[in-house]
Amino acid sequence: MNQFLSRRTFILIPIMSFLKTIFKPMQVLAFSLASKEEWNLSKSEWKTRLSPESYYILREEGTERAFSSPLNNEKRKGVFHCAGCGLPLFLSDKKFDSGTGWPSFWDSIQGSVETKVDFKLIVPRTEYHCSRCGGHQGHVFNDGPLPTGKRYCNNGLALKFVPD
Ligand SMILES: [Zn+2]
């Protein structure tokens, strides 16, 4: 028994260190940097621009309570902008009711969001954020409707809706 255990440990150690090496580059920052210099604001500058709730979502990658956002039921035509910097992120005709309690879209405006992998819930999830100010928006999943099959699950507090 002891011999079996030690042999198994002997095999496992190199495997584990190999896996560590692979996964190391995937460790990411707890926030995303702005692509535009003028949006690299300090914490206190962001705090003066945003409500405490939006700050928590956009700058600390928080998640709002499901079904808490009025934008979840928003059905008018218009554009959903980043609540941090105003960049247009989603069009109303790409919005759908996912039943999750968060505003959901099956496509974003091209170039408006960027993704990274996070491990906040242990299992890897694809986080996405505004490509201009780096503000966290939500997570994107591969169980959305056609034609993209994507589901952008967005925090309403990170968006500002402007009706047409
Ligand atoms: Zn932004």
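As a reminder, the structure under discussion sits directly above these lines.
What counts, and at which threshold
Residues numbered from 1 in each chain as written. Predicted model: local features only at pLDDT ≥ 70, side-chain atom pairs only at ≥ 80, totals over all residues. Heavy atoms only, no water. Pairing = 2+ DSSP bridges. Helix = DSSP H or I, 4+ residues; strand = E, 2+ residues; numbered from the N terminus. Donors = N, O, S within 2.8 Å, 3.2 Å for Na, K, Ca; no water. Salt bridge = Lys/Arg side-chain N within 4 Å of Asp/Glu carboxyl O. Buried < 20%, exposed > 50% of the residue type's maximum accessible area, 1.4 Å probe, protein only.

### Remarks on the sheet that holds strand β5 (residues 113–121)
Consideration 1: A sheet is described by the order of its strands in space; here 6 strands give the open sequence β3-β4-β8-β7-β6-β5, paired in antiparallel fashion. Both edges of this open sheet fall to β3 (95–96) and β5, since each of them pairs with a single strand only.

### Focus on the coordination of the zinc ion
Consideration 1: At 2.3 to 2.4 Å from the zinc ion lie its protein donor atoms, namely Cys 82 (SG), Cys 85 (SG), Cys 130 (SG) and Cys 133 (SG).
Consideration 2: Sequence spacing of the donor residues for the zinc ion, all on one chain, is C-x2-C-x44-C-x2-C. With Cys 85 in the loop between β1 (78–82) and β2 (88–91) and Cys 130 in strand β6 (residues 123–130), the pair connects residues that are 45 residues apart, well separated along the chain.

### Some words on the pattern of salt bridges
Consideration 1: Throughout the structure, instances matching the rule amount to 6 salt bridges.
Consideration 2: Note that Arg 76 and Glu 74 form a salt bridge whose closest N and O atoms lie 2.8 Å from each other.
Consideration 3: The partly exposed category is assigned to Arg 76, whose relative accessible area is 47%.
Consideration 4: Taking the shortest distance from any N to any O, the salt bridge between Arg 151 and Asp 143 comes out at 2.6 Å.
Consideration 5: Judged by relative accessible area, which is 11%, Arg 151 ranks as buried.
Consideration 6: Salt bridges sharing partners connect three or more residues here, namely Glu 61, Lys 116 and Glu 127.

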